[in-house]
Structure formats: structure tokens, C-alpha cells
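# An overview of the molecular structure
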Amino acid sequence: LPEIENENEREEIIKAIYTSSKQLVHEISSQRELRVAEDGDLEPNFNSVYSFEILKSVKELYSNHSLNKFNSLIVQISSENELFITDQTLLVRSIGNLVKNALEASSEDQKVILVSQLEQENILFHVKSETVIPEHIQDQLFKRSFSTKQKKGRGLGLYSVKLIVEQFLNGKVTFESNEQNKTTFTI
């Protein structure tokens, strides 16, 4: 930074460093949380939160993320802004993992849609993408260390989402993937 004389270029680099740092801290916290959750020692911090806050937090996390370079993420704010009790950090991180996976699996012309919905007494968060998960992979999605990517150290995202949502947030994670409806993950 001290060597850059152009103020606009310096501002862009500062923004990139800030965004990258936030993402790195997010990843480190996620790994730490997963280990504590697997040990059964995770203690959620339950508070009242509005569904819009959750959507806005996930949007903020991924709007400038490198995976969203084609602005594929669309966050739909519906008229239903429901107040409910959850651990906001754990829920945002879980939904964020679903968004991250959807962005990784999407091509530049495909959209990823995040929306919340009130159904009976439940708040549902849907992450919809235009890709279809092959049937032979669907049964393995929530297994620890299963990944469709070849990189080492992958395969914890969906596993951690299911673990945290179902064992610590009193929620449920489901998905549907077929040619007709494409893919939707729901918390």
C-alpha cells in the first residue's frame, strides 16, 4: 500500500484486503465451531432476530465474495419479516455454506436465489440454484468429508450445516434436486 500512489487503486486494494480478511476469519471460525460441535460442546447464543436480518447478513457475506463474481446471488426480501429465536451467527454461517456451495456449482449465467418464507409456525430459508445434483451423489451429500471437488480438506460444508442446524438450532435441513425444479436446500 505505501508504494501505491493512485488513491483509487489504493482504495480498491484496501477493500479487497478487508473482504478477504473477513472471509478468512469466517472460515477459521467455521472450522473452530465444527470441532466444538462434533465434541458436543457447542453452546448456541439464542436471541430474537428478524428473518430480514438473516437474509441481509448472508447477502453482505457473499455480495463481494470471489464466488459471486458474476453477481449470481439474488436475495429476495419478501413481505414476511418474521421475528424468531435462533443463534444468528450459527444460522447465517449455515445458510452461507449452502449459498457458497450453490455459487461454486453454478455457471456464470445461472442465478442462486436466497429467500425466506413463513410456513405454518416455521421460518424456512431456501437456497435455490439452477444446477441439478446427480442422483448417485445425492445420498452422500451430508456425509463428513464427502466432496464433489478434488481438493483436500473439502466436504465439511453440508455436514456442518446438518450437524449445527439439527443438533444445536432445533431445525431441519432438507433438499430437493431434479430436472423439473432444479436444486433447493431448505433450513
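Calculation rules
- Residue positions within a chain follow its written sequence, with the count starting from 1.
- Totals for whole chains, interfaces and linings use all residues, but because this is a predicted model, local features are given only for residues with pLDDT of at least 70 and pairs of side-chain atoms are given and counted only at 80 or more.
- As a convention, hydrogens and water are excluded, and side-chain values are obtained from all of the structure's heavy atoms.
- Numbering of helices and strands starts at the N terminus; helices are DSSP runs of H or I of at least 4 residues and strands are runs of E of at least 2.
- Relative accessible area decides the class of each residue, using a 1.4 Å probe on protein chains only: under 20% of the type maximum gives buried, over 50% gives exposed, and in between gives partly exposed.
- Should any heavy atoms of two residues lie within 4.5 Å, those residues are considered in contact.
- In this description, accessible areas are obtained by the Shrake-Rupley approach with a 1.4 Å probe, and a residue is regarded as covered only by the protein chains that are shown.
- Each helix should span, by expectation, one fewer than its residue count multiplied by 1.5 Å.
- Each residue carries a pLDDT score, the predictor's own confidence in it, on a scale running from 0 to 100.
- Should a side-chain nitrogen of Lys or Arg be within 4 Å of a carboxyl oxygen of Asp or Glu, the pair is scored as a salt bridge.
- Within 6.5 Å between ring centres, the rings of Phe, Tyr and Trp (the latter by its six-membered ring) count as paired, and their orientation is classed by plane angle as stacked under 30 degrees, edge-to-face over 60, tilted in between.
- For two strands to be treated as a pair, DSSP must find no fewer than two bridges joining them.

### A closer look at the overall build of the protein chain
For the protein chain, the helix and strand inventory stands at five helices and seven strands. For the protein chain, the N- to C-terminal ordering of α and β elements is α-β-α-β-β-α-β-β-α-α-β-β. For the protein chain, the residues scored as buried account for 40% of the 187 residues in total. For the protein chain, contacts bridging at least 24 residues in sequence account for 69% of all contacts bridging at least 6. In the form shown here, the protein chain has an accessible surface area of approximately 11,500 Å², with 47% of it arising from carbon and sulfur atoms.

### Comments concerning helix 5 (residues 157-168)
Look at helix 5: 16 Å from first C-alpha to last across 12 residues, which is about the 16 Å you get at 1.5 Å a residue. Within the span of helix 5, buried status applies to Leu 158, Tyr 159, Ser 160, Val 161, Leu 163, Ile 164, Val 165 and Phe 168. Just downstream of helix 5, Asn 170 is the residue with a positive phi angle, here 60 degrees.

### Some remarks on the confidence of the model for the protein chain
Looking at the protein chain, pLDDT values average 83 and 89% of them are 70 or higher. Per-element confidence in the protein chain ranges from a low mean pLDDT of 77 for helix 4 (residues 135-138) to a high of 95 for strand 1 (residues 47-50).

### Topic: the pattern of salt bridges
With the rule as written, the count across this model stands at three salt bridges. Here Arg 10 ties to Glu 7 by a salt bridge, and the two come within 3.9 Å at their closest N and O atoms. One end of the pair, Arg 10, and the other, Glu 7, are both in helix 1 (residues 7-38), three residues apart, so they sit about a helical turn from each other. Overall, the relative accessible area of 45% leaves Glu 7 in the partly exposed class. With its nearest N and O atoms 2.9 Å apart, the salt bridge here joins Lys 162 to Glu 166. Here the residue Lys 162 and the residue Glu 166 both occupy positions in helix 5, the gap between them amounting to four residues, near one helical turn. Given the relative accessible area of 26%, Lys 162 is considered partly exposed.

### A look at the packing of aromatic side chains
According to the stated counting rule, one finds two aromatic pairs in the structure shown. A centroid spacing of 6.0 Å and a plane angle of 50 degrees characterise the contact between Phe 84 and Phe 125, whose relative ring orientation is tilted. Remark: Phe 125 occurs in strand 5 (residues 122-129) and Phe 84 occurs in strand 3 (residues 83-86); sequence separation between them is 41 residues.

### Looking at the pairing of strand 7 (residues 182-186)
On any regular strand, side chains alternate: one points to one face of the sheet, the next to the other face. With four of five residues buried, strand 7 lies mostly within the body of the structure. The sheet contact formed by strand 5 and strand 7 spans four bridges and is antiparallel. Following the sheet pairing, His 126 is matched in strand 7 by Thr 186. With five bridges joining them, strand 6 (residues 174-178) and strand 7 adopt antiparallel strand pairing. Residue pairing across strands places Thr 174 opposite Thr 186, the latter belonging to strand 7. Connecting the antiparallel pair strand 6 and strand 7 is a turn made up of three residues.

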